[in-house]
Number of protein chains: 4
Amino acid sequence: MGKVKKIAVMTSGGDSPGMNAAIRSVVRTCAYYRTECIGIYRGYQGMIEGDFVSLTARSVNNIINKGGTILKSARSQEFRTPEGRKKAHENLIEHKIDALVVIGGDGSFTGGVVFNKEYNFPIIGIPGTIDNDIYGTSHTLGYDTALNTAVEAIDKIRDTASSHNRLFFVEVMGRDAGFIALNAGVGAGAEEILIPEEDLGLERMLESLKKSRRTGKSSSIVVVAEGDRSGKNVYELANYVEENLPEYEVRVSVLGHMQRGGAPSCFDRVLASRLGVKAVELLLDGKTNLMVGLKDNEVASTDLEKAIKGGHEINRELLRVSDIMTT
Amino acid sequence: MGKVKKIAVMTSGGDSPGMNAAIRSVVRTCAYYRTECIGIYRGYQGMIEGDFVSLTARSVNNIINKGGTILKSARSQEFRTPEGRKKAHENLIEHKIDALVVIGGDGSFTGGVVFNKEYNFPIIGIPGTIDNDIYGTSHTLGYDTALNTAVEAIDKIRDTASSHNRLFFVEVMGRDAGFIALNAGVGAGAEEILIPEEDLGLERMLESLKKSRRTGKSSSIVVVAEGDRSGKNVYELANYVEENLPEYEVRVSVLGHMQRGGAPSCFDRVLASRLGVKAVELLLDGKTNLMVGLKDNEVASTDLEKAIKGGHEINRELLRVSDIMTT
Amino acid sequence: MGKVKKIAVMTSGGDSPGMNAAIRSVVRTCAYYRTECIGIYRGYQGMIEGDFVSLTARSVNNIINKGGTILKSARSQEFRTPEGRKKAHENLIEHKIDALVVIGGDGSFTGGVVFNKEYNFPIIGIPGTIDNDIYGTSHTLGYDTALNTAVEAIDKIRDTASSHNRLFFVEVMGRDAGFIALNAGVGAGAEEILIPEEDLGLERMLESLKKSRRTGKSSSIVVVAEGDRSGKNVYELANYVEENLPEYEVRVSVLGHMQRGGAPSCFDRVLASRLGVKAVELLLDGKTNLMVGLKDNEVASTDLEKAIKGGHEINRELLRVSDIMTT
Amino acid sequence: MGKVKKIAVMTSGGDSPGMNAAIRSVVRTCAYYRTECIGIYRGYQGMIEGDFVSLTARSVNNIINKGGTILKSARSQEFRTPEGRKKAHENLIEHKIDALVVIGGDGSFTGGVVFNKEYNFPIIGIPGTIDNDIYGTSHTLGYDTALNTAVEAIDKIRDTASSHNRLFFVEVMGRDAGFIALNAGVGAGAEEILIPEEDLGLERMLESLKKSRRTGKSSSIVVVAEGDRSGKNVYELANYVEENLPEYEVRVSVLGHMQRGGAPSCFDRVLASRLGVKAVELLLDGKTNLMVGLKDNEVASTDLEKAIKGGHEINRELLRVSDIMTT
């Protein structure tokens, strides 16, 4: 494998705040090392369609604070076929691209691993997803911002819940992982937090809500992860509680896609800047099949396949803190 | 009717940002005029139950920027009965309360009018509702804040809509009135705005969305008022469009109760301060059955019954602006 | 004067939030009426230098929520000379521009009036400045946003003032006008507000602060307009108070230029959209030398020279409200 | 030393966002372990004056999201004297307080260490300061929030800087430490960052700014830590640059005390909750003279004297990232 002279960068899968800051960092690091940088629009689909753009340090002025991704994102069915990947590879070769930075989640990394196996194409991943469900990094890009968005929204809901002595079920994002629910729940001072990693049973929740009212709490917030395993969605949960605890006036709020947008927090901007530098430097050093991430507050890299399969465990200590806070 | 020496204040109906600032203003204006001030918890229900608290200038320190209402709010079935109102009146008399400031919406004012007719009790209304659907004031308390909350949330949704070339249906509050939808829609640069005051038909929306895509728009936001008259709720609308415009990937977001909370905007805080002063001064001047509000940027009063019945028309010029902006 | 077929738009003088929304509105309204639209960079200076850009509806996608101005702004010495204006006119003629929309403050309008007199060139002004000091409109673009920015910053300062029982002097913008100081002061619950329109004397302030402490207030905020007429700047004021009221621990905070930036509020975005439509429609109707603005919540136009000379009076009722609130 | 049955908590030194969340956590953890909890107002000064309040789980409802500290904070000269500490100890004994949680910075911890040595009184510290300058924890309470506040303010300043092609010097807090400046600078995409840990000389800054302009950057932000070692304050720096680079129009903005206030970020609320639990559990386990903090994302404790003396090094990798980003 020869020296890397031209690096492509793309965003793939669900977007998250900080992706633009990571693009900027990749582009500026390339400029610093006098390496060409190409942006690929719409992830693997754009790679197949040859939807490329040349990026210079100036192209990424004033994007560090913008939500979304200037390179757009998409999911590509075609890239799951050998024909799709062949076309993608031909486009990379035609544009003399030597290496690739993929900003995305585990689905995007899986595509990268397959592609690397077939074509031996150097690839480094940057974890960009609000769900924080990736092994090998304590924080994914966008997670910190999504927590702040969720907590600010719940603060507002708390205002009206308190005024009316109501019980609110607030659904936050996190399909298979309760990171947002647990952290935003603790951060918002929720009375109960329901996450996929822990199924405490509906009975326990009823007990807890009853107790909460007895001890004089006049309003309550229950934070529910999308993927809660109670077998009920958030509306069914609310109905169930209203039937069993008629003293509560119950409301539901689904925070939804606003959690994916917004100006990134300082943390996510700094993280994006650090990971972008490291991704490019690894490629320039001839490395491949790694994901850059944060371990113990230091930038570190993890084997890409491990990152995909590894999973990310919920913090048991924080579960305990949550229990103590809501007593 | 003798001189007013003791004034009660309460919040009633759905809460809105700025209610605390209005309470503070009523309390401080009473202090300024050396008039006693009593807070009534939970609106008419608290009046019936005698749930009163003495309020001094210090009691309302540091609440001008708080969402919700420190006096709590509620809807009272009991106050709809003569017995309920009798109890309420007895409590007011027992506490030597001479006059009442009601912060709320038309339901709360209706209760006040009935009560005044039966007991000749002086009452002034301050319009507090995010819906802006009250005659006699250009702005209700909380409306401006709710607009900012909605627009900031839609800005975030726009980030992810743009990244994925998606079409979002965003439902905002406003059961019978499209004020929030129309203004937040224009403010957020929505491609379509569906409000109860205007039923353009689903066909026109499809046409418009088709055209929008043809002209190169890659993402779109449709803002829908809760009470849109298309006969479909926001999820049905989304399904309808997805079936008829398969080229669009459609998502739904219901902003919900977060629109009722949060720190009030400067506008709402200043408005609350102005209306609270006026309400107390009217009572001290022996006036009753009026609602204070904003007309042509000046504080003015309106007959309370007129305020209830009058309705508030949507701004036709703004509808035109909206049409031009989305062309 | 023939039919208007090509309209130029520019931003001039100090920038303010909402300018981009106004540019967008002018551009989209031109598109709606199938009229060409040209953007001029850096105000009159760019007009002299021929720094023009063609603008289509798509050019202004996703700028409604951006602070600053995509057309940049500047002050131009050269445009004060006949030679400068001659060059500017030649450039307009060369580009077949028939009419001009100027978004700016009174300095910018003055330039427009002179230019119109010399060259009979159609010109409409849109009031864009955070200072709200322009006659003929109740609100200038950016004023509402600046108020919210100031109030949110003072809320944060209040947190630390309360924790430490300190007295803060907070300087807000507004060189010759106390609009921001008075409204942000009332909105932030300031204990004192010092504005150029009213010089109450330093003695009165000392008295008031002494009294405030006696009545148990443990912290205080004094909001000062840049252009306060006490003859002392905010640091001198703070020193003066610290010397005379040694029981107070005094701090100063100058909010500064952050008040000029940030995403515009919903109000400013809607106002910008409305004024942009009106400005273009007036030009298409053959009108000139007018400023569009908001009167009694309706879009209205004012003779441009009147707008410059008229001045804008501080609201006496709000001064009274402020006095009552801080008693 | 007997069993701990009554724990006191106080905030001391400069306040920071998250202090209320930490108070809440200490109080709730005490309630969980059926241990009494006493709040001490105004830090060591309140301890000397016996300014105590009993705190229950309900006392701390709805404070997790409030800036400042409900227990107020102060610096106490009297506590530096043996007499002061004697009075303080007598008050603790009289109220049967067995142990103390001090939320504050190194000055507050120093007081605690001295007190513990004299009276063998159990004490645990929680690091609460926006400056992040404490050894033994990767993050102090309030630091993350202050970064977001600074970055959001600089984003606004960037809007107006860009519109006018100006160079802004923005001073952020951090008297002896450049953590806020370095992180907020990288997060805000600053062109230069001046911190006390690194004195690159003014010449280098001039060079860099010249180059930045040559490469087409039209506006620039230089973030300066309060305690920058160039020997010039931020205004002198600005003048120096304006004299040496007349092509730049220079402005200064001092962010000031707003960085100490505001609703804490989710991160700070969660951190506060975790540290409060740990602090109480350590005291109940008979431990003393420790500071709780975050190491490698886990809650850990550090000898209190080490925490005071240890210092906290700036991240060299982030300095490199900053250099690369601004190339």
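Structure report, in brief. These numbers come from a predicted model, not from an experiment.

**Let's talk about the interface of chain A and chain D**
Okay, step 1: Each partner contributes residues to the interface: chain A has 50 residues there, and chain D has 50 residues.
Okay, step 2: Around 4100 Å² of area is buried between chain A and chain D when both sides are counted, 52% of it from carbon and sulfur atoms.
Okay, step 3: Looking at the side of chain A facing chain D, the largest losses of area belong to A:C266, A:I324 and A:M325, adding up to 15% of the total buried there.
Okay, step 4: Across the contact surface, chain A and chain D share six salt bridges.
Okay, step 5: Notably, a salt bridge pairs D:R320 with A:E281, separated by 2.3 Å at the nearest N-O pair.
Okay, step 6: At the boundary of chain A with chain D, the tally comes to 14 residue pairs in polar contact (both at pLDDT 80 or more).

**A short note on the environment of C:E171**
Residue and element names in this part refer to chain C.
Okay, step 1: Topologically, E171 is positioned in strand β6 (residues 166–172).
Okay, step 2: Classification of E171 as buried rests on a relative accessible area of 16%.
Okay, step 3: Taking C-alpha positions, E171 is 21 Å from L141, a pair spaced 30 residues apart along the chain.
Okay, step 4: For E171, the residues in contact, after removing those within four places along its chain, are V224, A225, E226, V234, S253, V254, L255, G256 and Q259.

**As for unusual backbone geometry**
Residues and elements named next belong to chain B.
Okay, step 1: A positive phi angle, close to 55°, is found at N132, a residue other than glycine.
Okay, step 2: With respect to the secondary-structure elements, N132 resides in the loop between β5 (123–127) and α5 (143–164).
Okay, step 3: In this structure, N289 takes a positive phi of about 55° despite not being glycine.
Okay, step 4: Relative to the helices and strands, N289 resides in the loop between α9 (266–284) and β10 (290–295).

**Re the interface of chain B and chain C**
Okay, step 1: The interface of chain B with chain C comprises 50 residues on the first partner and 50 residues on the second.
Okay, step 2: Here chain B meets chain C over a buried area of about 4100 Å², counting both sides, of which 52% is carbon and sulfur.
Okay, step 3: Together, B:C266, B:I324 and B:M325 form the three largest contributors to the area buried by chain B at its contact with chain C, with a combined 15%.
Okay, step 4: Residue C:E317 pairs with B:R274 through a salt bridge whose shortest N-O separation is 2.7 Å.
Okay, step 5: The interface formed by chain B and chain C holds 14 residue pairs in polar contact (both at pLDDT 80 or more) in total.
Okay, step 6: Among the elements of the structure, α1 (19–32), α5, α6 (179–187), α9, β11 (298–303) and α11 (316–325) of chain B are those that each provide at least two residues to the side of chain B that touches chain C.
Okay, step 7: Here the side of chain B that touches chain C takes eight residues from α9(B), the largest share from any one element.
Okay, step 8: In terms of residue class, the side of chain B that touches chain C is made up of 17 nonpolar, 19 polar and 14 charged.

**Some remarks on the relation of the copies chain B and chain C**
Related by rotation about an axis and a shift along that axis, the two copies of the chain form a pair.
Okay, step 1: Expressed as a screw operation, the relation of chain B to chain C combines 0.0 Å of axial shift with a rotation of 180°, fitting to an RMSD of 0.0 Å. Here the two chains are linked by the operation of a two-fold rotation axis. Minimal C-alpha distance to the rotation axis in chain B is attained by B:D296, lying at 2.0 Å.
Okay, step 2: Interface overlap between copies: 100% of the residues of chain B at the interface are likewise at the interface in chain C, consistent with a symmetric, same-surface contact.

What counts as what
- Residues numbered from 1 in each chain as written.
- Chains lettered and ligands numbered in written order.
- Predicted model: local features only at pLDDT ≥ 70, side-chain atom pairs only at ≥ 80, totals over all residues.
- Heavy atoms only, no water.
- Contact = heavy atoms within 4.5 Å.
- Buried area = accessible area lost by both parts, 1.4 Å probe.
- Salt bridge = Lys/Arg side-chain N within 4 Å of Asp/Glu carboxyl O.
- Polar contact = N/O pair within 3.5 Å; in protein donor to acceptor, adjacent residues only side chain to side chain.
- Helix = DSSP H or I, 4+ residues; strand = E, 2+ residues; numbered from the N terminus.
- Buried < 20%, exposed > 50% of the residue type's maximum accessible area, 1.4 Å probe, protein only.
- Nonpolar A, V, L, I, M, F, W, Y, C, P; charged D, E, K, R; others polar.
- Least-squares fit on C-alpha atoms with pLDDT ≥ 70 in both.

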